[in-house]
Amino acid sequence: MLPLLLASSSTYRRELLARLHLPFVCSSPDIDESHRPGESAIELVKRLAEQKARALADSHPAHLIIGSDQVAVLGEQIIGKPHTFEKAREQLMAASGASVTFLTGLALLNSQTGECQVDCVPFTVHMRQLDQARIERYLRIEQPYDCAGSFKAEGLGVSLFQSTEGPDATSLIGLPLIRLIDMLLSEGVQIP
């Protein structure tokens, strides 16, 4: 098996990949993550996932490189990481009683052959009706300012959900393991 490289500095993605009990290393690519004019959210996450993987190909020849990128979409608007309490409160107020779809782009690049598998896995969260007091309590406890959508699904953020739907719950956290396993199997990786 070629060595496995996760093209990310995300602790969430690292923890998810560790579930597969495969040896891997991490390296964070330096790419421009700007949204291009006219680019759909799906096109954006697929492009960025592949760019992240390809950015490390020269420095990691003969590797299987995993790239991933995620955006949250509310209505027609892409919502990113809030970074501040105020922005997180705005995002959660806007999402109250609505559905937020998380689009996770995934790429697996074989840097030896140049072959790259790319996909996008959607996952939708239907939010409860939220009032400002509940949102502020949640934000003070969990401080999810580095999370798209302003909540941590793997933590107390689940208390904000009415229901969820999608093919792979791990995609909500940022690395769709079911689809990744399909990609790894096609590269001859044995799991388990």
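Here, every reference points to the structure presented above.
Keep in mind that what you see is a predicted model, and the values were worked out from it rather than measured.

Analysis parameters
- Residues numbered from 1 in each chain as written.
- Predicted model: local features only at pLDDT ≥ 70, side-chain atom pairs only at ≥ 80, totals over all residues.
- Heavy atoms only, no water.
- Helix = DSSP H or I, 4+ residues; strand = E, 2+ residues; numbered from the N terminus.
- Rg over C-alpha atoms; globule rule 2.2 N^0.38 Å.
- Buried < 20%, exposed > 50% of the residue type's maximum accessible area, 1.4 Å probe, protein only.
- Contact = heavy atoms within 4.5 Å.
- Areas by Shrake-Rupley, 256 points an atom, 1.4 Å probe, with all protein chains shown as cover.
- Arc of directions from axis to C-beta.
- Phe/Tyr/Trp six-rings, centres within 6.5 Å; stacked < 30°, edge-to-face > 60°.
- Core = buried A, V, L, I, M, F, W, Y, C linked by side-chain atoms within 4.5 Å.

A. The overall build of the chain, seen in detail. Along the chain, the regular secondary structure elements total 6 helices and 7 strands. Reading the chain from its N terminus to its C terminus gives the helix and strand order β-α-β-α-β-β-α-β-β-α-β-α-α. Here the C-alpha radius of gyration of the chain, 17 Å, is about what a compact globule of 192 residues would show, namely 16 Å. When its C-alpha atoms are laid out on the principal axes, the chain stretches across 50 × 40 × 25 Å. Evaluated residue by residue, the chain yields a buried proportion of 49% over its 192 residues. Within the chain, residue pairs in contact and separated by at least 24 positions form 67% of the contacts whose partners lie at least 6 positions apart. For the chain, the computed accessible surface area is about 9300 Å², with 49% contributed by carbon and sulfur atoms.

B. Up close: helix α6 (residues 177–186). Every buried residue of α6 is listed here: L177, L180, M183 and L184. The arc enclosing the buried residues of α6, seen along the axis, measures out at 115 degrees, which places them on a common side. Following α6 by one or two positions, G188 adopts a phi angle in the positive range, close to 85 degrees.

C. Structural detail: the packing of aromatic side chains. Taken as a whole and assessed by the stated rule, the structure comprises 2 aromatic pairs. For the ring pair F151 and F161, a centre distance of 5.0 Å and an interplane angle of 75 degrees mean the geometry is edge-to-face. You can see F151 sitting in the loop between α4 (132–142) and β7 (161–165) and its partner F161 sitting in strand β7, a full 10 residues away along the chain. The residues F151 and F161 share a single accessibility class, namely buried. Members of the aromatic cluster, joined through ring pairs, are F102, F151 and F161.

D. Expanded view of the side chain of K52. One can find K52 in helix α2 (residues 41–55). Assessed through its relative accessible area of 7%, K52 is described here as buried.

E. Region of interest: the nonpolar core. M127 and F151 are the most contacted members of the largest nonpolar core, which has 23 residues in total. Per-element tally for this core: the top contributor is helix α3 (residues 85–95), with 4 residues. What M127 contacts, discounting residues up to four positions off in sequence, is L92, A95, G97, A98, V100, F151, L160, F161 and Q162.

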